[in-house]
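For reference, the chains in residue letters:
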Amino acid sequence: MSLPSLRRTGYAAASPPAEIDVEAYAPLVKKLAGMMIARLPASVDIDDLIQVGVIGLIEAARQFDPAQGVMFETFASQRVRGAMLDELRREDWMPRQARRHSRQIEDAVRQLEHQLGRSPLESEIAAQMGLELEQYQDMLGDCRGMTLLHFEDFSNDDGDALPDAVANVADDDSPDPFAALADGGFRQALIDGIKLLPERDQLVMSLYYEQELNLKEIGAVLGVSESRVSQLHSQAIARLRARIKDWL
């Protein structure tokens, strides 16, 4: 995935207002990029993400008005995230092969949970898929960027999958994904699903979403590599998606 460079966009030569030291907020951009990267496919390079975030930071410095009563860090965080997301929306977040692999993992997890009555081990999931453990873990790495819910997860009253995201949005009679997210039953299903995750997966989810640590920081806590944390995060999402699909 190729993102625009600062020089090509013309931001390298431009200067933000003198009263704001943009370089002092560079760690903020790195932190936000580190938080976002686990939700993106492996094709997205964190350095490219940081580069786009810096562009957002410079724009934030230009547009910031202290008279509005908002701290610059808060204002800049929103602009940096927005710059990253705007650029990413121009690309396919997850290649088709990765989407296919994620569905295969979810199907294997669901089958094993029904058979075993518990969360399956990584080795059991790999065996169910006819893969060596290392192959399965590589597949998890490729599936980085899986989200908890896709539009395609919702179906109509006959149980048929909706043809596309547009049908889900445009048809007033189709299930509303946002309403489902706000539904108490969904939240409870999600809470129950997290409680049933293996202890290590629970810890990864807690450190990432509650403590807001990035993958490198979580790796330091667990004593594993950053890529291994990414695999564990993808696996936890796959386990949760397998359980939530039963609720849907």
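In the annotation of an unreviewed UniProt entry, the entry for the chain reads RNA polymerase sigma factor FliA, and the organism field reads Chromobacterium fluminis. For the chain, the Function (unreviewed entry) comment in UniProt is given as "Sigma factors are initiation factors that promote the attachment of RNA polymerase to specific initiation sites and are then released. This sigma factor controls the expression of flagella-related genes." Per UniProt, the comment on the chain under Sequence similarities (unreviewed entry) is "Belongs to the sigma-70 factor family. FliA subfamily."

With respect to the element layout, M84 can be found in helix 4 (residues 72-88). Considering only alpha carbons, one finds M84 and L32, 52 residues apart in sequence, at a separation of 9.4 Å. Not counting the four nearest positions on each side in its chain, M84 is found in contact with V29, L32, A33, M36, L49, V52 and G53.

Among the surface-exposed residues, E132, E134, D138 and D142 lie close enough to one another that they form a single negatively charged patch. Along the chain, D138 falls in helix 7 (residues 133-142).

Right, let's get into the nonpolar core. In this structure, L40, L49, L57, F72 and M84 are the most contacted members of the largest nonpolar core, which totals 30 residues. Only helix 2 (26-37), helix 3 (46-63), helix 4, helix 11 (199-210) and helix 12 (215-222) provide two or more residues apiece to this core. The dominant element in this core, judged by the number of residues it contributes, is helix 2, at seven residues. Judged by nonpolar contacts, the second largest core, of 12 residues, contains L112, A126, A238 and A242.

Within this structure's numbering, the places UniProt gives as "DNA-binding region" (unreviewed entry) are residues 215-234. From the first C-alpha to the last, residues 215-234 spans 12 Å; its make-up is 85% helix and 0% strand.

Attention shifts here to the UniProt feature "domain: RNA polymerase sigma-70" (unreviewed entry) in the chain. Following the UniProt record, the feature "domain: RNA polymerase sigma-70" (unreviewed entry) maps to residues 48-61 and 214-240 here. The distance separating the terminal C-alpha atoms of residues 48-61 is 20 Å; by composition the span is 100% helix and 0% strand. The span residues 214-240 shows a helical share of 85% and a strand share of 0%, and its end C-alpha atoms are spaced 20 Å apart.

One can describe the packing of helix 3 onto helix 4 by two numbers: an axis separation of 8 Å at closest approach and a directional angle of 135 degrees. As far as their axial angle goes, helix 4 and helix 3 are oblique. Between helix 3 and helix 4 lies a crossing of right-handed hand. Residue-level contacts link L49, V52, G53, G56, L57, A60, A61 and Q63 of helix 3 to F72, F75, A76, R79, V80, A83, M84, E87 and L88 of helix 4.

Between the first and last C-alpha of helix 2 there are 17 Å, a value that for 12 residues agrees with the 16 Å anticipated at 1.5 Å per step. Each element contacted by the buried residues of helix 2 is listed here: helix 3, helix 4, helix 11 and helix 12.

Here we take up the confidence of the model for the chain. In regions of low pLDDT, the predicted coordinates are not meant to be interpreted in detail. Counting all residues, the mean pLDDT for the chain is 76, and 69% of those residues have values of 70 or more. Across the chain, the secondary-structure element scoring lowest on mean pLDDT is helix 1 (residues 6-9), at 43, and the one scoring highest is helix 6 (residues 122-128), at 95. Confidence drops under a pLDDT of 50 for residues 1-16, and excluding neighbours within four residues, the segment shows 34 contacts in the predicted structure. Counting interchain partners and residues more than four positions distant, the pLDDT-below-50 stretch residues 150-171 has 31 contacts.

A few words on the pattern of salt bridges. Close approach of charged atoms allows side chains of opposite charge to pair. For the coordinates displayed, the defined rule picks out six salt bridges. A salt bridge links R241 to E106, with the shortest nitrogen-to-oxygen separation between them at 2.6 Å. In this pair, R241 sits in helix 13 (residues 226-247) while E106 sits in helix 5 (residues 96-116), placing the two residues 135 residues apart along the sequence. For the pair R241 and E106, one class covers both residues: buried. Two residues, R200 and E122, come together in a salt bridge whose shortest N-O distance is 3.8 Å. With R200 in helix 11 and E122 in helix 6, this residue pair connects regions lying 78 residues apart in the sequence. Given the relative accessible area of 40%, R200 is considered partly exposed. In this structure E122 comes out as buried when scored by relative accessible area, which is 13%. Each of E122, R200 and R228 takes part in salt bridges that share partners, so that together they form one network.

Calculation criteria
Position numbers for residues start from 1 in each chain and track the written sequence from start to end. In keeping with the model being predicted, local features are shown solely for residues with a pLDDT of at least 70 and side-chain atom pairs are shown and tallied solely at 80 or more, while totals for entire chains, interfaces and linings include all residues. Working from all heavy atoms in the structure, the side-chain values ignore hydrogens and water. UniProt positions are given in the numbering used here, feature names are shortened, and annotations may be inferred rather than shown by experiment. Helix and strand definitions here come from DSSP, where helices need a minimum of 4 consecutive H or I residues and strands a minimum of 2 consecutive E residues; each element is numbered from the N-terminal end. Pairs of residues are marked as contacts when any of their non-hydrogen atoms sit within 4.5 Å. Like charges within 9 Å and nonpolar side chains (Val, Leu, Ile, Met, Phe, Trp, Tyr) within 5 Å are joined into patches, using only residues over 30% in relative accessible area that form no salt bridge. Using the Shrake-Rupley algorithm and a 1.4 Å probe, accessible areas are obtained, with residue cover drawn only from the displayed protein chains. The salt bridge criterion pairs a side-chain nitrogen of Lys or Arg with a carboxyl oxygen of Asp or Glu, the two atoms within 4 Å. The positive count covers Lys and Arg only, the negative count covers Asp and Glu only, and His and the chain ends enter neither. Each charge is placed at NZ for Lys, CZ for Arg, CG for Asp and CD for Glu. Nonpolar cores were defined as sets of buried Ala, Val, Leu, Ile, Met, Phe, Trp, Tyr and Cys residues, with membership established by side-chain atoms within 4.5 Å. Exposed residues in this analysis have more than 50% of their type's maximum accessible area, buried residues have under 20%, and partly exposed residues fall in between, with area computed by a 1.4 Å probe over protein chains only. Under this scheme, a helix contributes an axis fitted over its contacting stretch, all axes are lines through C-alpha atoms, and angles between N-to-C directions fall in the 0 to 180 degree range. Our angle categories are set so that under 35 degrees counts as roughly parallel, over 145 as roughly antiparallel, 65 to 115 as roughly perpendicular, and the remainder as oblique. Each helix crossing is assigned a hand: it is left-handed if the near helix lies turned anticlockwise from the far helix by less than a right angle, otherwise right-handed if that turn is clockwise. Multiply 1.5 Å by the residue count of a helix minus one, and that product is the helix's expected span. Every residue carries a pLDDT, the predictor's confidence in it, which falls somewhere between 0 and 100.

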